[in-house]
Amino acid sequence: MKRILTPWKDRFPKHFSIGVADECWNWAGAKAVNGYGRMKMPGRNAEYAHRLSWEFHIGKIPIGIWVLHHCDNPGCVNPSHLFLGTQTDNMRDMAKKNRSHHMQKTRCPHRHKYDIVRITSNGRKRRDCSVCHLIASRKYKAKLRRLGISCLRPRPSPELAGE
């Protein structure tokens, strides 16, 4: 026999208690392993509680838009702690707050210390270790030599240099 679920807008407020406006309202219902609250929805998969909080308190979430936390508490459903953004906004927010587990790493996979910060062609910062960077550079130049390609940049001709 199929279980009939009560409408989610009736069930949702029973899983948290409203506290002070500037404090987190922690989800007391089911949680995913990442700490985000989850709630089963009739006719669809379980939804994240913070997304439901946005819909409950504020309104519809546009397609392709994420609900992000100002407070960085995955169990928080306080609508004043939530804001809308894209996945890119979420990654930028994470980097700005140093929440990325990659930012906590101090050594490369070969256990050398990260000691170079460089800007990639798309404008992002990337950390490298000078030892691995040197090894990769030497391997690349050796490959070019095997292929008969000069590793040196061609110098501009005097006519092009304006001399």
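Before any of the text, the structure's been laid out above.
Reference entry: report on the structure contained in this document.

1. Notes on the overall build of the chain
Right, so step 1: A count of helical and extended segments in the chain gives 5 helices and 6 strands.
Right, so step 2: Seen in sequence order, the chain has helices and strands lined up from the N terminus as α-β-β-α-β-β-α-β-β-α-α.
Right, so step 3: A burial count over the chain gives 22% of its 163 residues as buried.
Right, so step 4: Contacts in the chain between residues far apart in sequence, at least 24 positions, make up 36% of those at least 6 positions apart.
Right, so step 5: For the chain, the accessible area works out to roughly 12500 Å², and carbon and sulfur atoms hold 55% of it.

2. So, the environment of Ala32
Right, so step 1: Along the chain, Ala32 falls in the loop between α1 (8–11) and β1 (38–41).
Right, so step 2: For the pair Ala32 and Tyr48, spaced 16 residues apart in sequence, the C-alpha separation works out to 8.7 Å.

3. Here we look at the nonpolar core
Most often, soluble globular proteins keep nonpolar side chains buried together rather than apart.
Right, so step 1: Trp8, Phe12, Phe16, Trp25, Trp27, Met39, Met41, Ala49, Leu52 and Val77 form the largest nonpolar core, which has 10 residues in total.
Right, so step 2: Counting only elements with at least two residues in this core, the list comes to β1 and α2 (49–57).

4. Topic: the pattern of salt bridges
Right, so step 1: In total, this model carries 3 salt bridges according to the counting rule given.
Right, so step 2: The closest approach of N and O atoms between Glu47 and Arg51, which form a salt bridge, is 3.9 Å.
Right, so step 3: A relative accessible area of 22% places Arg51 in the partly exposed class.
Right, so step 4: Asp72 is paired through a salt bridge with Lys97; the nearest N and O atoms lie 3.4 Å apart. Highlighted residues: Asp72 in the loop between β3 (66–69) and β4 (82–85) and Lys97 in the loop between α3 (87–96) and β5 (116–119), separated in sequence by 25 residues.

5. Description of α2
Right, so step 1: Buried within α2 are the following residues: Ala49, His50, Leu52, Ser53, Trp54 and Glu55.
Right, so step 2: On the buried face of α2, the contacting elements are α1, β1, β2 (44–48), β3 and β4.

6. A few points about the pairing of β1
Right, so step 1: The side-chain alternation of β1 yields one buried face, formed by Met39 and Met41, and one unburied face, formed by Arg38 and Lys40.
Right, so step 2: Strand direction decides the pairing type here: β1 and β2, joined by 3 bridges, are antiparallel. The residue bridging Arg38 from the neighbouring strand is Tyr48, located in β2.
Right, so step 3: What sits between the antiparallel neighbours β1 and β2 is a turn of 2 residues, in which Gly43 has the positive phi angle 75°.

7. Focus: a positive patch on the surface
Right, so step 1: A grouping of Lys141, Lys143, Arg145 and Arg146 is seen on the molecular surface, where their side chains present a positively charged patch.
Right, so step 2: Examined against the element boundaries, Lys143 turns out to sit in helix α4 (residues 130–146).
Right, so step 3: According to the relative accessible area criterion, Lys143 is partly exposed, its value standing at 45%.

8. Describing unusual backbone geometry
Leaving glycine out, the prevailing phi sign among residues is negative, and the prevailing peptide bond configuration is trans.
Right, so step 1: We note that Asp72 has phi near 60°; this positive angle belongs to a residue other than glycine.
Right, so step 2: On the basis of relative accessible area, Asp72 is assigned to the partly exposed category, the value being 33%.
Right, so step 3: For Arg111, which is not a glycine, the phi torsion comes out positive at approximately 70°.
Right, so step 4: Residue position: Arg111 is located in the loop between α3 and β5.
Right, so step 5: Using a relative accessible area of 58% as the deciding quantity, one classes Arg111 as exposed.

9. Quick look at the side chain of Asn78
Right, so step 1: Relative to the helices and strands, Asn78 resides in the loop between β3 and β4.
Right, so step 2: In terms of polar contacts, Asn78 uses its side chain to reach the side chain of Ser80, at 2.9 Å.
Right, so step 3: Asn78 has contacts with Val20, Ala21, Glu23 and Trp25, leaving out every residue within four places of it along the chain.

Cut-offs used in this document
- Residues numbered from 1 in each chain as written.
- Predicted model: local features only at pLDDT ≥ 70, side-chain atom pairs only at ≥ 80, totals over all residues.
- Heavy atoms only, no water.
- Helix = DSSP H or I, 4+ residues; strand = E, 2+ residues; numbered from the N terminus.
- Buried < 20%, exposed > 50% of the residue type's maximum accessible area, 1.4 Å probe, protein only.
- Contact = heavy atoms within 4.5 Å.
- Areas by Shrake-Rupley, 256 points an atom, 1.4 Å probe, with all protein chains shown as cover.
- Core = buried A, V, L, I, M, F, W, Y, C linked by side-chain atoms within 4.5 Å.
- Salt bridge = Lys/Arg side-chain N within 4 Å of Asp/Glu carboxyl O.
- Pairing = 2+ DSSP bridges.
- Patch = residues over 30% accessible without salt bridge, like charges linked within 9 Å, V, L, I, M, F, W, Y side chains within 5 Å.
- Lys, Arg positive; Asp, Glu negative; His and termini not counted.
- Charge placed at Lys NZ, Arg CZ, Asp CG, Glu CD.
- Polar contact = N/O pair within 3.5 Å; in protein donor to acceptor, adjacent residues only side chain to side chain.

Limitation: the analysis is restricted to geometry and does not speak to function.
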